[in-house]
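Listed below, chain by chain, are the residues.
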Amino acid sequence: MHAPARPIVVRSPEEWSRARRGPDFAGRTVGFVPTMGALHEGHVALLERARRENDRVVLSVFVNPTQFNDPKDFERYPQTWDSDLAAARDAGVDLVFAPHAGAMYPDAYRFRVTEDVFSRVMEGAHRPGHFDGVLTVVLKLLLLVDADRAYFGEKDRQQLALVRDMAAAFFLRTEIVPCPTVRAEDGLALSSRNRLLSPTGRRKAAEFARILREGPDANGTRSALELAGFDVDYVEHHEDRRFGAVRLENIRLIDNVPIQHSL
Ligand code: PAF
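Structural notes on the overall build of the protein chain
When helices and strands are tallied, the protein chain shows 10 helices and 9 strands. The C-alpha radius of gyration computed for the protein chain amounts to 19 Å, which stays within 12% of the reference 18 Å derived for 263 residues, consistent with globular compactness. Over its C-alpha atoms, taken along the principal directions, the protein chain stretches across nearly 65 × 40 × 35 Å. Counting the 263 residues in the protein chain, one finds 52% classified as buried. Put simply, of all contacts in the protein chain between residues at least 6 apart along the chain, 70% involve residues at least 24 apart. For the protein chain, the computed accessible surface area is about 12900 Å², with 52% contributed by carbon and sulfur atoms. Placing the 36 positive and 38 negative side-chain charges of the protein chain at their respective mean positions leaves the two points 2 Å apart.

Structure follows, in structure tokens:
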């Protein structure tokens, strides 16, 4: 009998639960990479690490409607299923969980996770409800996948911190593994949204990472970004890092870098 071609694609929590209990997963460690698809080299780095550290690798592809506060942002979120599947295959993913929205929200989002402190600043302050949507879907995914390790990129560091704290608060067994931001050669942090920029916008976006890194302090960095033509949502310092969010061609870019302390 032939083993099924990898990755296996499952579309519903029930189908996934059957696979999770089956012989292919029994007694094996599982690494999990949750995504909204439109995979790039940053995701591939997470998948490769999961591949090295676990017997089985599960990738989820789900454009989670509840974390988009702007319906236009949801509608135009890039969807690249065929190339995502090819990238998953190349990275050695065993199973792709790609559910339909109805399957993830049988309760029509009556139940949700809210964090009351760190989710209120930065992304949370500028995107009302965003982190309720993120934390709710991540909790559902972590409970369903029941992985040993789940991998999150540091580009979304506020998300990573909230997920890590949520996992501790709810005694989840999955270890949350932080992974370094992957950058393009010009310094721009890789993001699925980068592909929505025009070639001119894409060249300009590299200035965001540079100014965020080299700016003198939060206010000075904000002014330098504005002078360079970015619409700035925020520049803030937390936990010895500088976080920033800007809009360019109506696309939102976020990033965070260590604060350079002058001698
Ligand atoms: O970082 C993302 O792509 C999403 O916020 C996540 C963690 C997959 C939840 O939808």
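Back to the write-up after that little detour.
Section: the sheet that holds strand 9 (residues 251-258)
With antiparallel pairing, 3 strands are arranged side by side in an open sheet as 7-8-9. The sheet is open, and its two edges are formed by strand 7 (231-238) and strand 9, each paired on a single side. For this sheet the average axis-to-axis angle between neighbouring strands, irrespective of direction, equals 15°. Here strand 7 pairs with strand 8 (residues 241-248) via 7 bridges, running antiparallel.

A short note on the site of the ligand
Surrounding the ligand, one finds Pro 34, Thr 35, Met 36, Asn 64, Gln 67, Val 137, Val 138 and Gln 159. Gln 67 is positioned such that a nitrogen or oxygen atom in its side chain is 2.6 Å from an oxygen atom of the ligand. Note that an oxygen atom of the ligand is positioned 2.7 Å from one of the side-chain N or O atoms of Gln 159. Here the ligand, which alone exposes 290 Å², has 88% of that area covered by the protein. Under a 2 Å grid-point criterion requiring more than half of the atoms, the pocket assigned to the ligand is the largest cavity.

A closer look at the pattern of salt bridges
Scanning all chains against the criterion turns up 26 salt bridges. In this structure, Asp 24 and Arg 6 form a salt bridge, with 2.9 Å as the shortest nitrogen-oxygen distance. Of this pair, Asp 24 sits in the loop between helix 1 (13-21) and strand 2 (30-35) while Arg 6 sits in the segment before strand 1 (8-10), and the two are 18 residues apart along the sequence. It is possible to trace a salt-bridge network through shared partners that takes in Asp 73, Glu 123, Arg 127, Arg 193, Asp 233, Arg 247 and Arg 252.

Some points on empty space enclosed by the protein
Enumeration over the complete set of coordinates arrives at 2 cavities of 30 Å³ or more. Quantified by volume, the largest cavity comes out at close to 890 Å³. His 43, Tyr 77, Lys 155, Asp 156 and Gln 159 are, among the 47 residues lining the largest cavity, the residues nearest its centre. Residue assignment for the lining of the largest cavity shows that the elements contributing at least two residues are strand 2, helix 2 (41-53), helix 7 (130-145), strand 5 (149-153), helix 8 (157-169), strand 8 and strand 9. The leading source of residues in the lining of the largest cavity is helix 7, at 6 residues. Looking at the second largest cavity, its volume works out to about 50 Å³. Lining the second largest cavity we find Lys 155, Leu 188, Ala 189, Ser 191, Asn 194, Phe 208, Leu 253, Ile 254 and Asp 255. When residues in the lining of the second largest cavity are grouped by element, the largest group, 3 residues, is from strand 9.

Regarding the pairing of strand 8
The element strand 8 is extensively covered by neighbouring structure, given that 7 of its 8 residues are classed as buried. Here strand 7 folds back onto strand 8 in antiparallel fashion, the turn holding 2 residues, of which Glu 239 has a positive phi close to 45°. Bridging between strand 8 and strand 9 involves 8 bridges; their strand directions are antiparallel. Its bridge partner being in strand 9, Gly 244 is matched across the sheet by Asp 255. A loop of 2 residues connects strand 8 with strand 9, the two strands running antiparallel in sequence, and Glu 249 in this loop sits at a positive phi of about 50°.

Digging into the sheet that holds strand 5
Strand pairing in a sheet relies on backbone hydrogen bonds, with the paired strands running either antiparallel or parallel. With parallel pairing, the 6 strands of this open sheet are ordered in space as 1-4-3-2-5-6. Looking at strand neighbours, the two that pair on one side only are strand 1 and strand 6 (175-179), the edges of this open sheet. Strand-to-strand twist of the sheet, defined as the mean angle between neighbouring strand axes without regard to direction, takes the value 25°. In terms of strand pairing, strand 1 meets strand 4 (residues 95-97) through 3 bridges, oriented parallel. Counted as the bridge partner of Ile 8 is Leu 95 from strand 4.

How each quantity is defined
- Residues numbered from 1 in each chain as written.
- Predicted model: local features only at pLDDT ≥ 70, side-chain atom pairs only at ≥ 80, totals over all residues.
- Heavy atoms only, no water.
- Helix = DSSP H or I, 4+ residues; strand = E, 2+ residues; numbered from the N terminus.
- Rg over C-alpha atoms; globule rule 2.2 N^0.38 Å.
- Buried < 20%, exposed > 50% of the residue type's maximum accessible area, 1.4 Å probe, protein only.
- Contact = heavy atoms within 4.5 Å.
- Areas by Shrake-Rupley, 256 points an atom, 1.4 Å probe, with all protein chains shown as cover.
- Lys, Arg positive; Asp, Glu negative; His and termini not counted.
- Charge placed at Lys NZ, Arg CZ, Asp CG, Glu CD.
- Pairing = 2+ DSSP bridges.
- Axes fitted to C-alpha atoms, helices over the stretch in contact; angles between N-to-C directions.
- Near = heavy atom within 4 Å.
- Polar contact = N/O pair within 3.5 Å; in protein donor to acceptor, adjacent residues only side chain to side chain.
- 1 Å grid on protein atoms, 1.4 Å probe; cavity = no way out; pocket = protein on both sides within 12 Å on 5 of 7 lines; lining within 4 Å.
- Sits in = over half its atoms within 2 Å of the grid points.
- Salt bridge = Lys/Arg side-chain N within 4 Å of Asp/Glu carboxyl O.
- Points joined across faces, edges and corners; volume = space filled by probe spheres on them.

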